[in-house]
Amino acid sequence: MKSLEEIKKIREEKRQELDLRVNLSANTHEKHILVCRGTGCTSSKSEDIIQKFKRIIKEKDIENVRVIQTGCFGLCAKGPIVIIRPEDTFYAMVKVEDCEEIINSHIIDRKSCR
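What counts and how
Residues numbered from 1 in each chain as written. Predicted model: local features only at pLDDT ≥ 70, side-chain atom pairs only at ≥ 80, totals over all residues. Heavy atoms only, no water. Pairing = 2+ DSSP bridges. Helix = DSSP H or I, 4+ residues; strand = E, 2+ residues; numbered from the N terminus. Axes fitted to C-alpha atoms, helices over the stretch in contact; angles between N-to-C directions. Salt bridge = Lys/Arg side-chain N within 4 Å of Asp/Glu carboxyl O. Buried < 20%, exposed > 50% of the residue type's maximum accessible area, 1.4 Å probe, protein only. Core = buried A, V, L, I, M, F, W, Y, C linked by side-chain atoms within 4.5 Å. Contact = heavy atoms within 4.5 Å.

Any details on the sheet that holds strand 4 (residues 89-91)? Residues and values, ideally.
The strand order across the open sheet formed by four strands is 2-1-3-4, and the pairing between neighbours is mixed. Each end of this open sheet is capped by a strand with a single partner; those strands are strand 2 (65-70) and strand 4. In this sheet, adjacent strand axes meet at a mean angle of 20 degrees when their direction is disregarded. Bridge count for strand 3 (residues 82-85) against strand 4 is three bridges, and the pairing is antiparallel. Bridge assignment links isoleucine 84 to a residue of strand 4, and that residue is threonine 89.

This is the structure in structure tokens:
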């Protein structure tokens with residue numbers, strides 16, 4: 001069983017993590033690559049996109065970037081959808097072949113393509 005102090009620490013860590021996803025001015029160096037796993041995006045291979053992002057990040061030894069599967073963003077006709085936070089960069093109709101370019105341009109070269 002965890003102590004009250006441990007639970008408070010976990011809660012604070014999770015609040016900071018979630019703040020990055022909703023607060024565009026979050027004070028962080030971490031980036032989150034949010035990939036839709038709603039029904040439409042999943043049928044368009046969003047799981048393969050998630051795995052490709054994770055492989056690239058590992059191969060290039062990139063730190064402070066997390067790939068997170070999400071629920072539906074509500075734009076199924078434009079899926080798979082990828083959003084990068086905290087910049088709020090939106091990518092639609094992403095294919096597995098696009099992952100390398102997204103990582104190179106957005107994460108490594110720090111270009112924000114909206």
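Having put the structure on the table, let's press on.
Please provide a residue-by-residue account of the pattern of salt bridges, values included.
All chains considered together, the criterion is met by four salt bridges. Ionic pairing is found between lysine 31 and glutamate 87, a salt bridge with its closest N-O pair at 2.0 Å. Separated by 56 residues along the polypeptide, lysine 31 in strand 1 (residues 31-36) and glutamate 87 in the loop between strand 3 and strand 4 bring together distant segments of the chain. Using a relative accessible area of 23% as the deciding quantity, one classes glutamate 87 as partly exposed. For arginine 37, the salt bridge identified is with glutamate 47, shortest N-O distance 2.3 Å. Of this pair, arginine 37 sits in the loop between strand 1 and helix 2 (39-43) while glutamate 47 sits in helix 3 (residues 46-59); the two residues are 10 residues apart in sequence, bridging distant segments of the chain. Looking at glutamate 47, the relative accessible area reads 27%, which means it is partly exposed.

Got a sec to walk through the nonpolar core? Specific residues and values, please.
Buried together is how nonpolar side chains tend to be arranged in soluble globular proteins. If you look at the biggest cluster of nonpolar residues, it comprises 18 residues, and the most contacted ones within it are Ile33, Val35, Phe53, Val82 and Ile103. Those elements giving two or more residues to this core turn out to be strand 1, helix 3, strand 2, strand 3 and helix 4 (99-108). Per-element tally for this core: the top contributor is helix 3, with five residues. Those residues in contact with valine 35, other than ones at most four positions away along the chain, are Ser46, Ile49, Ile50, Phe53, Val67, Ile68, Gln69, Thr70, Ile81 and Val82. Formed by six residues, the second largest nonpolar core is a distinct cluster that contains Cys36, Cys41, Ile68 and Ile83.

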